[in-house]
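Structural overview
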Amino acid sequence: MKELELKYGCNPNQKPSRLFMKEGELPIEVLCGKPGYINFMDAFNSWQLVKELKEATGLPAAASFKHVSPAGAAVGLPLSDIDRQIYFVKPDAELSPIACAYVRARGADRLCSFGDWAALSDTCDAATALYLKNEVSDGVIAPDYTPEALEILSQKKGGKYNVVKIDPNYVPAPVECKDVYGITFEQGRNELKIDKDMLTNLVTKNKELPESAKIDLIVALITLKYTQSNSVCFAYDGQAIGVGAGQQSRVHCTRLAGGKADTWFLRQHPKTLNLPFREDLGRPGRDNVIDGYINGNEEDVCAEGIWQNYFTVRPEPLTAEEKRAWLDSRDAVALGSDAFFPFPDSVKRGVASGVKYIAQPGGSIRDDLVIEECDKNSIAMAFTGMRL
């Protein structure tokens, strides 16, 4: 198949819309549903991310995409009991490594992953399909599907769930083109290989970079490669835990990503874990209430006349002092940036979320101040030398 007609482009008024190959056949097969323009943008970008992440780490990888940027990405490390609780996984559920990868990827930022596009580096199995079945998701891309997984996914959304199979051996042309305002841009593809070799130029006094930190930094950097700049990513235990993207100021990216990382950690606070939810409140509702409980946001979910909508018993608020004490107990967080830090402010914000490892290109006229701030906080920082 050389061409695939789409319902419409980015918006319903943008017609006609299609995918096509100038040479050769499309490397995909739509097994279920009818993906749209943005669906395929998410599918192709997320596939590249998980493919590269597996190549770099040797571990199964998954991503959760929304609007052409990753909400989360992860490798397939086992889930702890607390992970299972915050990700709504039953204690006795059997999970494969690829299922663990997707559960983690979606769990990075469950609010942003609502209605996501999932990407899997490995064959989608029944365990992964069963988890996807119970989440609000637009579609999935993978190199293959087991018969049982395909049967499960084909029943989602009344048979309209988008399931795409991609040829894992497909290699795109080395030069890519993009039209903007009727004018064609052409450039070489970004074939930068991100691996542990990029983390050898440690410019701080602390030069200790354990294997777990290397994996976390690789997760962060490869996630950033497929995120709109400016972008910053916090990672921990083999998964992204906060992505800040598309901000004009780098420190705003760091604040955004750091806030999401803080929320991820505070979901594990005993008070949050023991919230007495009403049984009729589903996963999306619980995610929203948890976010409100942690961050305040639009309403006080513990207030009289409001808590009754969500809980069986009025919960005690999570105080600012309790939050700070919990976050101060977190450590060994990795932080990646797609370009250099122009000031030490991003390092300071990272410290507040437990950052101990940083990877960034370097090259700022204030690199000395950034390094000094890292040394004050015993942070190991690598200059990668490459903008993402």
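A few points on the structure. Please read all numbers here as calculations on a predicted model, not as lab measurements. (Residues numbered from 1 in each chain as written. Predicted model: local features only at pLDDT ≥ 70, side-chain atom pairs only at ≥ 80, totals over all residues. Heavy atoms only, no water.)

With respect to the overall build of the protein chain
Of regular secondary structure, the protein chain possesses 12 helices and 15 strands. Over its C-alpha trace the protein chain gives a radius of gyration of 21 Å, about what one expects of a compact globule, namely 21 Å for 388 residues. With the principal axes as the frame, the protein chain shows a C-alpha extent of 60 × 55 × 40 Å. For the protein chain, with 388 residues in total, the buried portion stands at 52%. Across the protein chain, every contact between residues at least 6 apart in sequence was considered, and the portion connecting residues at least 24 apart equals 55%. As presented, the protein chain carries roughly 18,100 Å² of accessible surface, and 52% of it is formed by carbon and sulfur atoms. (Helix = DSSP H or I, 4+ residues; strand = E, 2+ residues; numbered from the N terminus. Rg over C-alpha atoms; globule rule 2.2 N^0.38 Å. Buried < 20%, exposed > 50% of the residue type's maximum accessible area, 1.4 Å probe, protein only. Contact = heavy atoms within 4.5 Å. Areas by Shrake-Rupley, 256 points an atom, 1.4 Å probe, with all protein chains shown as cover.)

Considering the layout of surface pockets
By volume, the second largest pocket is sized at about 360 Å³. Lining the second largest pocket are 15 residues, and of these Lys34, Pro35, Gly36, Asn39 and Asn162 sit closest to its centre. Here the lining of the second largest pocket takes three residues from helix H1 (residues 37-57), the largest share from any one element. The class makeup of the residues in the lining of the second largest pocket is five nonpolar, five polar and five charged. (1 Å grid on protein atoms, 1.4 Å probe; cavity = no way out; pocket = protein on both sides within 12 Å on 5 of 7 lines; lining within 4 Å. Points joined across faces, edges and corners; volume = space filled by probe spheres on them. Nonpolar A, V, L, I, M, F, W, Y, C, P; charged D, E, K, R; others polar.)

A word on the environment of Lys207
Looking at the element boundaries, Lys207 is found in the loop between strand S10 (183-188) and helix H6 (211-225). For Lys207, a relative accessible area of 47% translates into the label partly exposed. A distance of 2.9 Å separates a polar atom in the side chain of Lys207 from the backbone oxygen of Thr204. (Polar contact = N/O pair within 3.5 Å; in protein donor to acceptor, adjacent residues only side chain to side chain.)

Some details on the pairing of strand S14 (residues 355-360)
In terms of burial, S14 is a largely internal element, five of the six residues being buried. For strand S13 (residues 333-337) and S14, the ladder comprises four bridges, and the chain directions are parallel. In the strand pairing of S14, Leu335 is matched with Ile358. Viewed along the sheet, the connection from S13 through helix H11 (residues 345-351) into S14 turns out right-handed. (Pairing = 2+ DSSP bridges. Right-handed = clockwise from strand over helix to strand, strands pointing away.)

Here's the deal with H6
If you check H6, its first and last C-alpha atoms are 21 Å apart, about what 15 residues at 1.5 Å a residue would give, namely 21 Å. Counting buried positions along H6 gives 12 out of 15 residues, so the element sits mostly inside the fold. Those residues of H6 lying buried are Ala213, Ile215, Asp216, Leu217, Ile218, Val219, Ala220, Leu221, Ile222, Thr223, Leu224 and Lys225. As for H6, its buried residues are in contact with H1, strand S5 (69-75), strand S11 (231-236), strand S12 (239-245), S13 and S14. (Expected span 1.5 Å × (residues − 1).)

Structural notes on the packing of aromatic side chains
Inspection of the entire model under this criterion finds seven aromatic pairs. Relative to Tyr131, the ring of Tyr102 lies with its centre 6.2 Å away and its plane at 75°, an arrangement referred to as edge-to-face. With Tyr102 in helix H3 (residues 97-107) and Tyr131 in helix H4 (residues 126-133), this residue pair connects regions lying 29 residues apart in the sequence. Neither Tyr102 nor Tyr131 differs from the other in exposure class; each is buried. The interplanar angle of 70° and the centroid separation of 5.3 Å between the aromatic rings of Tyr236 and Phe265 together place this pair among those described as edge-to-face. Of the two residues, Tyr236 sits in strand S11 while Phe265 sits in helix H7 (residues 250-266), which places them 29 residues apart along the sequence. The buried category is assigned to Phe265, whose relative accessible area is 1%. Members of the aromatic cluster, each reached through a chain of ring pairs, are Tyr236, Trp264 and Phe265. In this structure, Arg330 is placed above the aromatic ring of Trp326, and the distance from its NZ or CZ to the ring centre is 4.2 Å. (Phe/Tyr/Trp six-rings, centres within 6.5 Å; stacked < 30°, edge-to-face > 60°. Lys NZ or Arg CZ within 6 Å of the ring centre and 35° of its normal.)

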